[in-house]
Amino acid sequence: MNCQDIKRLLIPYLESDLSGSDKAAIEEHLHKCDGCQKEKMLLEKTWSMLDASGTPQVSKNFTENLMAKIHTQKTVKPEFVFAFPQIRIQFGFRTLVPVAASVCVLIAAYIFVQNQLTYKQQSAKGLLPIETAMQATKESADSTVTKLEEDERSGITAADEEIIRNLDVYEDIEMYQNYALLNDMDIVENMGAKGF
Amino acid sequence: MEYLDDDIRLMLRFQNGEEDCFEELVERHKQRVFNIAYRYLGNIADAEDAAQQVFINIYNAGKRYKPKAQFTTWLYTICKNTCLKTFRKKRSNIVSIDADVNLEKDDVSLQIPDPNAPTPLENAIDAERDTAVKEAMDSLPENQKTVIVLYKYEELSYDRIAEITGFSVKAVKSLLYRARMNLKEKLADYFNR
């Protein structure tokens, strides 16, 4: 074994954690190598240096102070602990903020995906024109309301408004009932326009 | 396997509502817990706070305690975790290890019993040595420091340290090797002055 091997084994040697043959080889090497002998002495000195400073005694009223602290904690600040058999999580502001943010992101992602799926399903079934029609109806109804308000100012009574509103609803219902027919007619018209 | 040493019996009785048993456990282990905390943190006030926190954690965890190993294994594990947590908090306030160190009443050197009435020069040498040791220990990575505290100061076997830390015995030996090499590097200057 060379000096590098010996230095690598010095700590196990000092810990008596080597086999008999390695131990003998190291001892033999140490007798004739000043450098490795110095290294061994430095390891021993630094190790024993840790013992040099003593440990003070714990204070006499340690237990008394501890029990007072425990009882104060019990009465003043009950700990909010979420405990599984082996897991203990203490909720605090630092824990809740990222959790809340994650939940918000997940909800937003869920809503987005759901909307995309619904849109794809509806476009696959050809339902989107109905949406357009309903939107148009809503806009028309809004403008009707505005018109009625204007009419009211110009002398139309509430009974008249009711009749007008019912007529609009009947028209809408009729249009939805004949939607398939109207759609076919649009297609035929478009075909005619394109020269089929 | 169920262990039933005296500590475990006390702990089980504490679980059944006998608070006196908890106080007895504190009395039995307070010095040991304090010693470990002191080795991690280096001053009396912090060590005493950390030691109290260890027992508070044991008190709070009392209902969930199950005697799966020696009580002291559990105690050491809680102690190690609490001390490391305190040390991390404290480290954020620590200035560079090259900065001048002013020893105060809680520092290591002034707590040493002094039966032979050393001279001021000897005091100064002791203080310098203790500061060097403290700085060298503080410079160790947490795992190496833990192994040194448990092996050197608590004189625990590799197996017990492995049980407490959750490392393999081989990893414990490796950490001890690196810790000793690091300490040698850090403290070599002290001998070369």
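The text that follows walks through the structure, step by step, so that each part is easy to find. (Residues numbered from 1 in each chain as written. Chains lettered and ligands numbered in written order. Predicted model: local features only at pLDDT ≥ 70, side-chain atom pairs only at ≥ 80, totals over all residues. Heavy atoms only, no water.)

A short note on the overall build of chain A
Argument step 1. The number of helices and strands found in chain A is eight helices and two strands.
Argument step 2. Across chain A, helices and strands are ordered from the amino to the carboxyl terminus as α-α-α-α-β-β-α-α-α-α.
Argument step 3. A burial count over chain A gives 17% of its 196 residues as buried.
Argument step 4. Taking all contacts inside chain A whose residues are at least 6 apart in sequence as the whole, residues at least 24 apart take part in 43%.
Argument step 5. For chain A, the computed accessible surface area is about 14600 Å², with 60% contributed by carbon and sulfur atoms. (Helix = DSSP H or I, 4+ residues; strand = E, 2+ residues; numbered from the N terminus. Buried < 20%, exposed > 50% of the residue type's maximum accessible area, 1.4 Å probe, protein only. Contact = heavy atoms within 4.5 Å. Areas by Shrake-Rupley, 256 points an atom, 1.4 Å probe, with all protein chains shown as cover.)

Comments concerning the interface of chain B and chain A
Argument step 1. At the interface, 45 residues of chain B touch 42 residues of chain A.
Argument step 2. Here chain B and chain A share an interface that buries about 4200 Å² over both sides, 61% of which is from carbon and sulfur atoms.
Argument step 3. Among the salt bridges present, the one from Lys-152 of chain B reaches Asp-51 of chain A, with a minimum N-O distance of 2.9 Å.
Argument step 4. Among the elements of the structure, α2 (19-41), α3 (44-61), α5 (120-139), α6 (142-153) and α8 (169-192) of chain B are those that each provide at least two residues to the side of chain B that touches chain A.
Argument step 5. Split into classes, the residues belonging to the side of chain B that touches chain A amount to 26 nonpolar, five polar and 14 charged. (Buried area = accessible area lost by both parts, 1.4 Å probe. Salt bridge = Lys/Arg side-chain N within 4 Å of Asp/Glu carboxyl O. Nonpolar A, V, L, I, M, F, W, Y, C, P; charged D, E, K, R; others polar.)

Side note on unusual backbone geometry
Apart from glycine, the bulk of residues carry a negative phi angle, and the bulk of peptide bonds sit in the trans form.
Argument step 1. Of note, the phi angle at Ser-16 of chain A is positive, near 55 degrees, even though the residue is not glycine.
Argument step 2. Along the polypeptide, Ser-16 of chain A turns up in the loop between α1 (3-14) and α2 (20-32).
Argument step 3. Note on Ser-16 of chain A: relative accessible area 65%, which makes it exposed.
Argument step 4. Positive phi values are uncommon outside glycine, yet Glu-155 of chain B reaches one of about 55 degrees.
Argument step 5. Its location among the elements puts Glu-155 of chain B in the loop between α6 and α7 (158-165).
Argument step 6. On the basis of relative accessibility, which here comes to 67%, the residue Glu-155 of chain B falls in the exposed class.

A short note on a nonpolar patch on the surface
Argument step 1. A contiguous nonpolar surface patch, about 470 Å² in accessible area, is contributed by Val-99, Val-103, Ile-107, Tyr-110 and Ile-111 of chain A.
Argument step 2. The topology assignment puts Ile-107 of chain A in helix α5 (residues 93-125). (Patch = residues over 30% accessible without salt bridge, like charges linked within 9 Å, V, L, I, M, F, W, Y side chains within 5 Å.)

So, α3 of chain B
Residue and element names in this part refer to chain B.
Argument step 1. With 18 residues, α3 extends 25 Å from end C-alpha to end C-alpha; this agrees with the ideal 26 Å at 1.5 Å per step.
Argument step 2. Listed in full, the buried residues belonging to α3 are Ile-44, Ala-47, Glu-48, Ala-50, Ala-51, Gln-52, Val-54, Phe-55, Ile-56, Ile-58, Tyr-59 and Ala-61.
Argument step 3. Capping the start of α3 is the job of one residue whose side-chain oxygen sits 3.1 Å from the backbone nitrogen of Ala-45: Asn-43. (Expected span 1.5 Å × (residues − 1). Polar contact = N/O pair within 3.5 Å; in protein donor to acceptor, adjacent residues only side chain to side chain.)

These figures capture arrangement, not role.
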